[in-house]
Each structure stands twice: as structure tokens, then as C-alpha cells.
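Working through the structure, step by step
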Amino acid sequence: METDQEPYVRLATLRQLHQVMADMNTARSLADTLQTVADGVVNGLGYELACVNLVRPDGDLVVAALAGNSAAEALITGRVGSRDSWERRLAMGEAWGELVFIPHTEGWVLDDDDVPQWYTDGPAPRFEDEWHPSDRLFAPMFTPSVPGGSSSCGELIGVLSVDRPRNGRRPGAWGKEALQMYAFQAAIAISNARLRANMQRALVRLEREQQALRASEESFRQAFEYAPSGMAIAEMGGDQHGRILRTNDALCRLLGRPASAMRRYAFSDLVHPEDIGTLLRTSAEGGRTELRLCRRDGSYLWVSLRNSVVADAADGPRFLLTHVEDIEERKRRELQLAHRASHDSLTGLPNSAELRSRLSARLCPRPQSAEPGLVESVDAAYGNTQPDPYGRNDQYTATATPVAADGTLQPYDANGHAFAFRAAPDVYGAYDHHVHAVAPEGEKDDGTKGLAVLFCDLDGFKSINDRFGHNAGDAVLIEVARRLGRAVRDGDTVARLGGDEFVVLADGLGRADAQDLAVRLRNEIIQPIRVDGRAMRVGGSFGIGWAQCGMTADEVLKSADERMYVEKRSRPKQHRRAG
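Now for a look at the structure at hand. Keep in mind it's a predicted model, so treat the numbers as computed, not measured.

1. Things to note about the overall build of the chain
Helix and strand counts for the chain come out as 17 helices and 18 strands. A buried classification covers 41% of the 579 residues belonging to the chain. Long-range pairs, those at least 24 residues apart, make up 59% of the contacts in the chain between residues at least 6 apart in sequence. Accessible area of the chain: about 32300 Å², with a carbon and sulfur share of 50%.

2. Regarding the sheet that holds strand 13 (residues 450-459)
Across the sheet, which stays open at both edges, the four strands sit in the order 14-15-13-18 with antiparallel pairing between neighbours. Two strands lie at the open edges of the sheet, namely strand 14 (493-498) and strand 18 (539-547), each paired on one side alone. Direction aside, the axes of adjacent strands within the sheet are offset by 25° on average. Pairing of strand 13 with strand 15 (residues 501-509), which is carried by seven bridges, proceeds in the antiparallel orientation. If you follow phenylalanine 455 over to strand 15, its bridge partner there is valine 503. Sheet strands touched by helix 16 (residues 511-525): strand 13, strand 15 and strand 18. Its angle to strand 18, the strand with the most contacts, is close to 155°. Each of strand 13, strand 15 and strand 18 is contacted by helix 17 (residues 553-570), which is oriented at about 140° to strand 18, the strand it contacts most.

3. Looking at the sheet that holds strand 1 (residues 47-55)
Pairing in this open sheet of seven strands is antiparallel, and the strands run 3-2-1-7-6-5-4 from one edge to the other. Here the strands that pair on one side only, and so sit at the sheet edges, are strand 3 (80-81) and strand 4 (94-96). The sheet contact formed by strand 6 (residues 136-142) and strand 7 (residues 156-165) spans six bridges and is antiparallel. Considered in strand 7, the bridge of alanine 139 is made with leucine 160. Contacting strand 1, strand 2 (61-67), strand 3, strand 5 (99-102), strand 6 and strand 7, helix 4 (residues 83-91) crosses the sheet at an angle of about 110° to strand 6. On the sheet, helix 6 (residues 173-225) packs against strand 1, strand 4, strand 5, strand 6 and strand 7 and is oriented at approximately 40° with respect to strand 6.

4. A closer look at the packing of aromatic side chains
Scanning all chains against the criterion turns up four aromatic pairs. Put simply, the rings of Trp96, Phe101 and Trp131 touch in pairs and so form one group of aromatic residues. In this arrangement the basic side chain of arginine 89 is found over the ring face of tryptophan 86, its NZ or CZ atom lying 5.9 Å from the centre. Sitting over the ring of tyrosine 265, arginine 257 keeps its end group 5.1 Å from the ring centre.

5. Description of the nonpolar core
Nonpolar side chains tend to gather and get buried jointly when the protein is soluble and globular. Ranked by internal contacts, the top residues of the largest apolar core, which has 35 residues, are Leu137, Met141 and Leu160. Residue assignment for this core shows that the elements contributing at least two residues are helix 1 (11-25), helix 2 (30-44), strand 1, strand 2, strand 5, strand 6, strand 7 and helix 6. Broken down by element, the residue count for this core peaks at nine residues, all from helix 6. Not counting residues within four places of it along the chain, the set of residues in contact with leucine 160 comprises Val37, Val41, Cys51, Val52, Leu137, Phe138, Ala139, Met141, Tyr182 and Ala183.

The rules we used
- The residue numbering used here restarts from 1 in each chain and proceeds along that chain's sequence as written.
- Residue-level local features of this predicted model are given only where pLDDT is at least 70; pairs of side-chain atoms are given and counted only at 80 or more, and the full residue set underlies all totals for whole chains, interfaces and linings.
- Hydrogens and water molecules were not included; the side-chain quantities draw on all heavy atoms of the structure.
- Helix and strand definitions follow DSSP, with helices as H or I runs of at least four residues and strands as E runs of at least two, each counted in order from the N terminus.
- Accessible area is worked out with a 1.4 Å probe on protein chains only. A residue is then buried under 20% of its type maximum, exposed over 50%, and partly exposed in between.
- When checking whether two residues touch, look at their non-hydrogen atoms; a contact exists if any pair is within 4.5 Å.
- A 1.4 Å probe and the Shrake-Rupley method give the accessible areas. Residues count as covered only by the protein chains that appear here.
- Two strands are said to pair when DSSP picks up at least two bridges between them.
- Here an angle of 0 to 180 degrees is reported between the N-to-C directions of two axes, which are lines fitted to C-alpha atoms, with helices fitted over the stretch in contact.
- Ring pairs shown here join Phe, Tyr and Trp side chains whose ring centres sit within 6.5 Å, with only the six-membered ring taken for Trp; geometry is labelled stacked below 30 degrees between planes, edge-to-face above 60, and tilted in between.
- Placement of a charge over a ring requires the Lys NZ or Arg CZ to be within 6 Å of the ring centre, with the centre-to-atom vector within 35 degrees of the ring normal.
- What is meant by a nonpolar core is a set of buried Ala, Val, Leu, Ile, Met, Phe, Trp, Tyr and Cys residues, joined one to another through side-chain atoms within 4.5 Å.

Structure, rendered in C-alpha cells:
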């Protein structure tokens, strides 16, 4: 800056300052702004050297830009001075408003601190206001203060260091004010540059995140659309819970429905009525289940359905991502395996294990003779099986029952030590829905309808096996099984117990009905059976047993078997088969 006498300043100087300010506020980056600030001190304020020391995030100050001396720039740019050393400098010397001037007479104590600095040569001053090579002048830069704040200065963001005024003299009032104003404007420019840099970084980061989001959405779209198994997105919560929003091609092909039609349904509209509870539990909790979905032609398809709840951190659950996999073939194999385990491989009839299972399902451990009264039946149905403390329930034999201080009963346990009621038989708890199996009394038909068990043993089958071989015997067994199945009612069971023994379970029959059924079955069996062009005949001996609660399945079958042998022995051998 030229030597101007205050308050007179040359217009050229003002134009120069205006240009410096304009350059400082139009720099494209933070680094350009810092260098423009240093250049502006040299070009606009008349100093030969200027350095911008910028506060780092850790509080120390780094030499960010230097102008006026390329050697000094190469020497100290990028070097760091500690915050403590800088605060010590700013607390020393003379305060020229916001400026800090440290004369050479005091600055020698700073020669050994860690603040980067340069040294200039020159003659000793001859006048009082002449600049000494070891003089130091600092212009702190603060962020603009908040209006109404408690401090006139904001946060320190940097320090301008200047040296060697071109006129060789210490700055006057105009020079001091100009440097102070320049530092203020430089602080604003640096703050704005930082803000722009942060915004640019944020925009770049946002753009990258958006690109990643778009890429992720595209990846999800492709994975969703081209997945080999069915996928769907459904609403979660509200009145439209479960409504299908979007499906992929695989699910549309699986159910034989177009995507436009699928959007009119919820999964609850497509699921088999027996599986609706399973679907609702899976929809609410997420997870995997197996159920049946209805196809366009009305048939049902077994699928594995897996729900994932897609939630928003702020709004909570948003929708369900449903993965649907066709398991019809696996279910078919499972049913085949289950059928093989429970059915005879030769005849296709239920086998011995399945027969015992079906028979046991109709029996309970309570004997027929232990039929409870009306009151006791109601009590059993509602689980009220505790003994009456006043001895009014004769069905229960209860010893003296202790009474606690609060009036509650405290009966004994099984060992007679602790207190607990003698438990009523467990079977009573299930009698509210169980239909007891009863047997007719005596040998005459008294009108009682029960579960008849007809035990059949083929007569003359061994001779067929011996004469014509096992293939012929197998063919006879298959035909007998077919005839027995044809002769019984829907709901009756025809099972092959093993070898040439068959069992028929027929519920709701009286004694006369069971005997008529045995005759009808025997007449079906004795008809000639053609195997490989030969006519073969077998007979059948039937024993009629009755299943009743209190018996086991094996006891029922044994009773029918014994009656069959009685019936077989009661007929002459020549009459045991029809040919």
C-alpha cells in the first residue's frame, strides 16, 4: 500500500482492495480462497510477505497458504504450530484493536517455540516507527459473531501473519484498520468457503448414496422380477393388511394368475380355508410356514411361504416381503412315504399299524362300566374334578382334607406329606367331545349300536400258494382286498393285518347288522377269482368282536381273533371254503 495520509486514501488503493475482496469471495475452493487471502495481503495491503495459519479440527494451526516469498512458501507451508504457542503469541505484545503487534524487543522469546516462522534480513531501524526485521504482526480471524451473542468475536478460525511493509514503516491508523477489516472479510470468505466445501462434500456423498440406492433398488428389482421362485410385496397393518401390491412373474405362473389380477387379492383370499390361521400367525410374526394357495383353476398348491417384515426406523413396519416356493412335489413324496408307512404295499389297504392307530383313536381308558352320572359328566367336561370337601360326591373317596387359615383346601400328595388333592383320572378331562365306544350286551341284538371288529382269515389260501406260487397268491389277496373294500360303507375301514388275515372296522352296527355284514363279505370272497386263466376260490372265516372303552386295540383284535377261530372250528373242514 502506498503511503497515504489519513483520512485521504487514493482511489486506486480502494479499487485494488475491491478487486482483492472480489477475488477472495469468488474463489472456487477452500484452498483457492486461502491462497487468495494471502495474495490479497501482498497485492492490496502493501506487505511483502503474508501467511494464512488455519485452525485444524484438533485445535492446532497449520500454515495453509503463503504469498510473497517462494522460498519461505516451500519451507513452512503445511507445517503445524500448537494451539498453546499461538495463544501465547496472541496474548503478548501490543493490541492494535483486533491486531496483535509484537516488537522485536519482545519477540526474541518466541524464536524457539514450535510455530513455523521465517526470518528476514534488513538494516536496523533508524526511526521510531520504522519496521524491524524481527517485528511480528498478527491479525486473528474469527467466525462472524451471532447477533445478540455474549461475545463480540466468534470462534478463532485462523491467524494472518504479515511482514515487511513495502514502505518500511509500521502501519498507521489507516493501515491497521485496513488489515483488521481485511482479516474480518477474510474470515467470512474462509467460513463461506468451508461451508461450500462441506456442502460440496455432502452433495457428493448424497449423490453417491443416491447412486448406491438406485443401484440397490435396481438390483432388488431384478432379483425380485427374475427370481426363479415366487415373490410378492404385501401391505402390512391397517384395513388393507395383506393386500398384494406387487408380484413377480414366477408367482403369477405358479398360481396361473396375471399380475393385474393378483393385485386385487390378499393372501388370505388365496389360502386354503384350513390354513388361514397359519397364514395370519406368519403374517404377524414373520417367518416360514407351509400352506396351500388356490390356483386360477380352483386347485390348491402346496407352497413354502416365508415372510420378512420390512420396517422403517421412524415409521415402524411398512410392508411384507413374501417368498413363495413350490413344494407340491415334496409334499406329494411326503404323502407317498406316509401312505407307504401306514398302508400295505401289496393291496393298498391300511396296514396293522394304521389299523391299531384308527382303533385306538376310538377308545379311551375309561371302562364301559364306569359311566358317570349327569352331574359328574358336566363336572368332568368343565374340568371340575376336585372332591367335594363336604363329602357330597360319592364318586370320589377323599380322606380328611386339611383347611388352611384362609379357608382354602390343602390336600395330601401321593406320599401323604405335602398337600394336594388326589387327582381325578385324566381321562375325564377329554370326555366333553369323546363319543364312547360301547358293546351290545349278551348274545341277542338289544338295539345297542357299537364299533364292530370283523376279523377275517382266508380259508384255502395256503393251498393256492403251494400249488400255483406266490404270484398267484398275491393276485388272490389283491382281489379279495378289492372285494372287501367294495362291500363295506364309506367310512368303514378294511385293513390287512398280515398274511391272509384282514380286519374290518364298522361303526354304528348292532349284533344283527354285524352278522349280516360278515355274511355279505363271505359271499363276496367265495366268488371265483381268475388268475392267469385259472379259476380259483377261497373261503373266509369271520370272528366278530366289539370295541369298547376300557380296552386296548390289541385286546379288541385278540377278542375278534379268538371268535374267528371259534367260528372256524365250528364248521366242518369241507365247508370252510366254497371250492
